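Commentary on secondary and tertiary structure
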Number of protein chains: 2
Amino acid sequence: MAYKKVDKDDIAYLIGISAKNRVFFGQDIKEDYSHDEMPFYGKFIPEAVIEIADAKEAAAVMRYAYEHDIPVTPRGAGTGLCGGSVAVCGGIVMSMTGMNRILEIDENNLTVTVEPGVLLSDLKNTLAARGLMYPPDPGEKGASIGGNAMTNAGGMRALKYGVTRDYVRGMEIVLPDGNIVEAGGKTAKNSSGYSLKDIFVGSEGTLGIVTKLILKIIPAPDHFVSLLIPFGDTDSCISAVPDILKYKTVPTAVEFMQREVIEAAEKFLGRKFPHSASEAYLLLLYDGNSADELEKTYMDAAQICIDKGAEDALVADTPKKLEEIWGIRDVFLEAIKSSAAEMDECDVVVPVSGLAVFIKYINELRNIYQLRILCFGHAGDGNIHVYVCRDNLSDQSWKEKCGSVMNGLYGKSAELSGQVSGEHGIGHAKMQYLKGTSQESCIQLMRSIKAAFDPKNILNPGKIF
Amino acid sequence: MAYKKVDKDDIAYLIGISAKNRVFFGQDIKEDYSHDEMPFYGKFIPEAVIEIADAKEAAAVMRYAYEHDIPVTPRGAGTGLCGGSVAVCGGIVMSMTGMNRILEIDENNLTVTVEPGVLLSDLKNTLAARGLMYPPDPGEKGASIGGNAMTNAGGMRALKYGVTRDYVRGMEIVLPDGNIVEAGGKTAKNSSGYSLKDIFVGSEGTLGIVTKLILKIIPAPDHFVSLLIPFGDTDSCISAVPDILKYKTVPTAVEFMQREVIEAAEKFLGRKFPHSASEAYLLLLYDGNSADELEKTYMDAAQICIDKGAEDALVADTPKKLEEIWGIRDVFLEAIKSSAAEMDECDVVVPVSGLAVFIKYINELRNIYQLRILCFGHAGDGNIHVYVCRDNLSDQSWKEKCGSVMNGLYGKSAELSGQVSGEHGIGHAKMQYLKGTSQESCIQLMRSIKAAFDPKNILNPGKIF
């Protein structure tokens, strides 16, 4: 469809319903708004940017845009990895970062009510001060909670605690036509008609704009212990994972990392990881309320790994030792990014039983294309992040090789009954792979849901399908 | 819309795609198919019943029905409580109970793949024999897993483990037009477009017919301990709940029960409950892998309750003692049913902080209307089941009083920011309350989703909205 271009009357309207210093157009639009963390997927400069102050403003913008056929792309902290918050069809970018208040911590219902622009790190610190925890823990702590909900972000602790979806109890949503709805609420359960909140979670801002979230929180565990487990080869490393999961106590996290990624992170941070001489590592995290109980659990897990060929099992049970490991784990993405001239990323998730085959295949691709391909991630969930790095390649050679590797990765994942994205979403960058590996009927259902919510296709168009 | 009536040509077609002994019509249709566990909400005799053998058959029926405008109502074990599986618009009832095979237990991915007609009790026993557990635990163990998914059933253990939605990873679904889609799969996470499986879960068979489910399972815990905690009055009983939840270790279950319900169950089963002299009880369940750890936890929980005025705390830590308590808990619904000439039911869920007010209000209604109103349920989730009993009332008096009580209950729940159903669903019996307490925009969104999936409104019409 042909969208209306934003003109000076539109700008005047936007200023009228908000404030002059929160509306940007033309040269005043910061370059940052043209991309997320992956400028590699293209830069798209919006026609206007509005920094939203409240739901009423967001509703007014949507009513206006709906009436005038102007596309609107909601945007959080811009830390996405698939271009989901980028205005590929032009129009207005609606920045939610100013709506960053923690509105209520309700200790009786164990919920926190927040605006969408609240950063994960702020939420974490505020809750920790009260002995509380919001379990989802994506690597990027500068992400906004609205963006986390819109991509159904996962993170390290998903294995034990689940993903963002499992912690969103209620949402206030501005619909494409400007109506405001409440989906869910503070209740722990809900079987009252279709779960609208579950349709919005993971919808990447294409069905509505989230202006408030009610999140489930838990009392923070008292004790955390990590095991860093070096293996001589990747195969035996990955083959230990199902055994760890079958053992009685579910670990909070089971992360996989290779020496090359650790070295990149050491270089990036200018400090040493406690161990980096081995080929491949598992990093286990356990949490709980009793040191004795945890000790039995992690000793058993260490033994399972030793039986699978692990070279050692280093225990980190103090805040300092935990930080030495996790501080480095948290910068893997940034470290790889800074090590390469350019990079592409793949976030497939496969059944855990297929992970060994998938990682072996990555090694084959590395050999075939002679590319630096790094990978790390959530082994316990079968969700490994793969980074293809451009080092000294010509434009054409990089484009060809990278494309072949990506096709290979998504193809292999589909063969293993995997999914295109475990936690980053589809955005516009992964659309071809979702289409290429999904049943046409499923894509058609998604399209019909989109049409039901947004018949004029003005909200974040050009995404997912 | 005007549906086509089932005639002998349609019956011939149904027999042609299945088998003569699995298609029923006219006098051959069992009375059971005209209602679920609540015949109180009306009996609707379908025009035909087909007992489905596989997805292909279900698809053939739907293609035919779609083409000929015949309504189809899928039905599991018929243990629903809101008429969700009853053919209120006539047409064909599609019974899924014959599709009752456990297809695969995948210990490496910790999933079980089942047909929808598998009963909870069979699933539980089969998994237990392998040291595995499917955590959701609705009271009705004779329910089918397909029905559980379609109502997003909760149950006792939802507090610690979550509800059915949290355990459905993948579904095979026959769409209203007969297309078969796969939503989700064996992967632990998924951010690949709209979560179709989360739209189907809780949709009460109005968007598609589930013909296969992939469920997450866990290694079964080794130790279970229950605490039965008597209180002299309901107020102090309920006021202990938030304190129990805020304590570090989340209980597996926090059930509330009143003396009257226990007495009804004792009478029903002909055996005594370990304690029934007090006004109100909390029944706590903890599970874990270490007896020592559990002991510390339940001792602390008992102390919290004593501080809130509990009269005692009885520990049940052997299979026999656990069965003495939970065996009676499991028959509460049946016991109440058998104690009353007729009854109506309410399954609202309120934020836990509002539970005390809600239960106090139930007592007020009891006094105002001089009706026997019994309640019990999942106090830890704010999800209490309320049963209004007809004893010796005239038709008119019962109808009036029961209606007033129900209006009062749903009104009070809405006032407390509750939801119409915590786990039983809406069916046709609770439609008026969903409509009465929901935003019009939300109902409109649900309608538009229904139209997107089922434009001819032939799949389980007359339900939810």
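Residues numbered from 1 in each chain as written. Chains lettered and ligands numbered in written order. Predicted model: local features only at pLDDT ≥ 70, side-chain atom pairs only at ≥ 80, totals over all residues. Heavy atoms only, no water.

**Comments concerning the sheet that holds strand β9 (residues 180-184) of chain B**
Residue and element names in this part refer to chain B.
- What the five strands build is an open sheet, ordered β5-β6-β10-β8-β9; its pairing is antiparallel. One side of each edge strand has no neighbouring strand; the edge strands of this open sheet are β5 (102-106) and β9. Across the sheet, the mean angle separating the axes of adjacent strands is 15° when strand polarity is ignored.
- As defined by bridge partners, strand β8 (residues 168-174) adjoins strand β10 (residues 209-216) across six bridges and the pair is classed as antiparallel. The residue bridging Val 174 from the neighbouring strand is Ile 209, located in β10.
- In the packing of helix α3 (residues 120-128) onto the sheet, the strands contacted are β5, β6 (111-114) and β10, and the crossing angle to β5 comes to about 35°. (Pairing = 2+ DSSP bridges. Helix = DSSP H or I, 4+ residues; strand = E, 2+ residues; numbered from the N terminus. Axes fitted to C-alpha atoms, helices over the stretch in contact; angles between N-to-C directions. Contact = heavy atoms within 4.5 Å.)

**Digging into the nonpolar core**
- Ranked by internal contacts, the top residues of the largest apolar core, which has 189 residues, are A:Leu282, B:Phe200 and B:Leu282.
- Residues in contact with B:Leu282, not counting those within four places in the same chain, are B:Leu227, B:Leu228, B:Ile229, B:Phe231, B:Cys237, B:Ala240, B:Val241, B:Ile244, B:Val254, B:Glu255 and B:Phe256. (Core = buried A, V, L, I, M, F, W, Y, C linked by side-chain atoms within 4.5 Å. Buried < 20%, exposed > 50% of the residue type's maximum accessible area, 1.4 Å probe, protein only.)

**Remarks on the pairing of strand β2 (residues 48-51) of chain A**
Residues and elements named next belong to chain A.
- Note that strand β1 (residues 23-25) and β2 share three bridges and pair antiparallel. Bridge pairing in β2 places Phe 24 opposite Val 49.
- One ladder, built from four bridges, connects β2 with strand β4 (residues 92-95); its direction is parallel. Bridged to Glu 51 within β4 is Ser 95.

**Details of the sheet that holds strand β9 (residues 180-184) of chain A**
Residue and element names in this part refer to chain A.
- The antiparallel open sheet is built from five strands, whose spatial order is β5-β6-β10-β8-β9. Here the strands that pair on one side only, and so sit at the sheet edges, are β5 (102-106) and β9. Along the sheet, successive strands turn relative to each other by an average axial angle of 15°, direction set aside.
- Sheet analysis places strand β8 (residues 168-174) next to β9, joined by five bridges and oriented antiparallel. Paired with Glu 172 across the two strands is Glu 182, which belongs to β9.
- Its contacts with the sheet place helix α2 (residues 55-68) against β8, β9 and β10 (209-216), and it is angled at close to 50° to β8.
- Its contacts with the sheet put helix α3 (residues 120-128) on β5, β6 (111-114) and β10, and the angle it makes with β5 is roughly 35°.

**Section: α3(B)**
All names here are of chain B.
- Every buried residue of α3 is listed here: Leu 120, Leu 123 and Leu 127. In a view along the axis of α3, the buried residues occupy a sector of 65°, so they form one face of it.
- Looking at the packing, one finds that the buried side of α3 touches β5, β6, β7 (132-133), α4 (145-151) and β10. (Arc of directions from axis to C-beta.)

**A look at a negative patch on the surface**
- A surface patch of like charges, here negative, comprises A:Asp292, A:Glu295, A:Asp317, B:Asp292, B:Glu295 and B:Asp317.
- Of all elements in the fold, only α10 (291-307) of chain A together with α10 (291-307) of chain B reach the threshold of two or more residues within the negative patch.
- Along the chain, A:Glu295 falls in helix α10.
- The class for A:Glu295 is partly exposed, based on a relative accessible area of 40%. (Patch = residues over 30% accessible without salt bridge, like charges linked within 9 Å, V, L, I, M, F, W, Y side chains within 5 Å. Areas by Shrake-Rupley, 256 points an atom, 1.4 Å probe, with all protein chains shown as cover. Salt bridge = Lys/Arg side-chain N within 4 Å of Asp/Glu carboxyl O. Lys, Arg positive; Asp, Glu negative; His and termini not counted. Charge placed at Lys NZ, Arg CZ, Asp CG, Glu CD.)

**Remarks on the pattern of salt bridges**
- By the definition in use, this model includes 69 salt bridges over all chains.
- A salt bridge links A:Asp391 to A:Arg372, with the shortest nitrogen-to-oxygen separation between them at 2.8 Å. One end of the pair, A:Asp391, is in the loop between β18 (383-390) and α14 (395-415); the other, A:Arg372, is in strand β17 (residues 372-378), with 19 residues separating them in the sequence.
- Residue A:Asp391 is classed as partly exposed on the basis of its relative accessible area, which comes to 30%.
- B:Glu324 is paired through a salt bridge with B:Lys320; the nearest N and O atoms lie 3.2 Å apart. Placement of both B:Glu324 and B:Lys320 in helix α11 (residues 319-329) is noted, with a separation of four residues, approximately one turn of the helix.

**A few points about the environment of B:Ile209**
Residues and elements named next belong to chain B.
- Following the sequence through the fold, Ile 209 ends up in strand β10.
- For Ile 209, a relative accessible area of 1% translates into the label buried.
- For the pair Ile 209 and Met 171, spaced 38 residues apart in sequence, the C-alpha separation works out to 9.7 Å.

**Section: the relation of the copies chain A and chain B**
- For the pair chain A and chain B, the superposition axis carries a translation of 0.0 Å, the fit reaches an RMSD of 0.0 Å, and the rotation angle comes to 180°. Taken together, the rotation and translation describe the operation of a two-fold axis.
- Interface overlap between copies is the fraction of interface residues in one copy that are interface residues in the other; for chain A against chain B it reaches 100%, indicating a shared surface. (Least-squares fit on C-alpha atoms with pLDDT ≥ 70 in both.)

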